[in-house]
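# Working through the structure, step by step
In case you want the letters, here they are:
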Amino acid sequence: MPLENATLLLLNATTAAAAPSLPRSNDLWWVGVLLDCVATLGGASGKQLLRHAAVTKNNWFIPLGMFFTAVIDPIFDISAYAFAAQSVT
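Residues numbered from 1 in each chain as written. Predicted model: local features only at pLDDT ≥ 70, side-chain atom pairs only at ≥ 80, totals over all residues. Heavy atoms only, no water.

Our focus in this paragraph is the side chain of Asp73. Relative to the assigned elements, Asp73 resides in helix H3 (residues 61-81). Put simply, Asp73 is tucked away with no salt bridge, and the nearest opposite charge, on Lys47, sits 5.4 Å away. Not counting residues within four places of it along the chain, the set of residues in contact with Asp73 comprises Ala39, Thr40, Gly43 and Phe68. (Helix = DSSP H or I, 4+ residues; strand = E, 2+ residues; numbered from the N terminus. Buried < 20%, exposed > 50% of the residue type's maximum accessible area, 1.4 Å probe, protein only. Lys, Arg positive; Asp, Glu negative; His and termini not counted. Salt bridge = Lys/Arg side-chain N within 4 Å of Asp/Glu carboxyl O. Contact = heavy atoms within 4.5 Å.)

Next up, the structure:
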């Protein structure tokens, strides 16, 4: 029994000493905001490229616009949720 108590005390001391050095997710909220800004910029740029392709009848812009809208925007948007508070997600 005393050995188990000593082991628990050692584990508690080790985790308590290591915990303050780890960044909390609340400290990195601004990274999520920046990732969401990149997602918004990518989505808007993709939609503008798709519109430009339709207006100018230049189909070379369609794959690029689809890439920005369907790939870049969701990837950065999902990544931004990793830095959001639990009350948001």
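The discussion continues.
Inspection of the entire model under this criterion finds one aromatic pair. With a centroid separation of 6.1 Å and 75° between ring planes, the pair formed by Phe67 and Phe68 is classed as edge-to-face. When its relative accessible area of 42% is taken as the criterion, Phe67 is described as partly exposed. Since its relative accessible area comes to 27%, Phe68 is described here as partly exposed. (Phe/Tyr/Trp six-rings, centres within 6.5 Å; stacked < 30°, edge-to-face > 60°.)

Given a rise of 1.5 Å per residue, 28 residues ought to cover 40 Å, and the 41 Å separating the end C-alpha atoms of helix H2 (residues 29-56) matches this to within 8%. Packing partners of the buried residues in H2 comprise H3. (Expected span 1.5 Å × (residues − 1).)

Most peptide bonds take the trans configuration, and most residues that are not glycine carry a negative phi. Within the chain, Lys57 stands out as a residue other than glycine whose phi angle is a positive 60°. Assignment of secondary structure puts Lys57 in the loop between H2 and H3. Given a relative accessible area of 70%, Lys57 falls into the exposed group.

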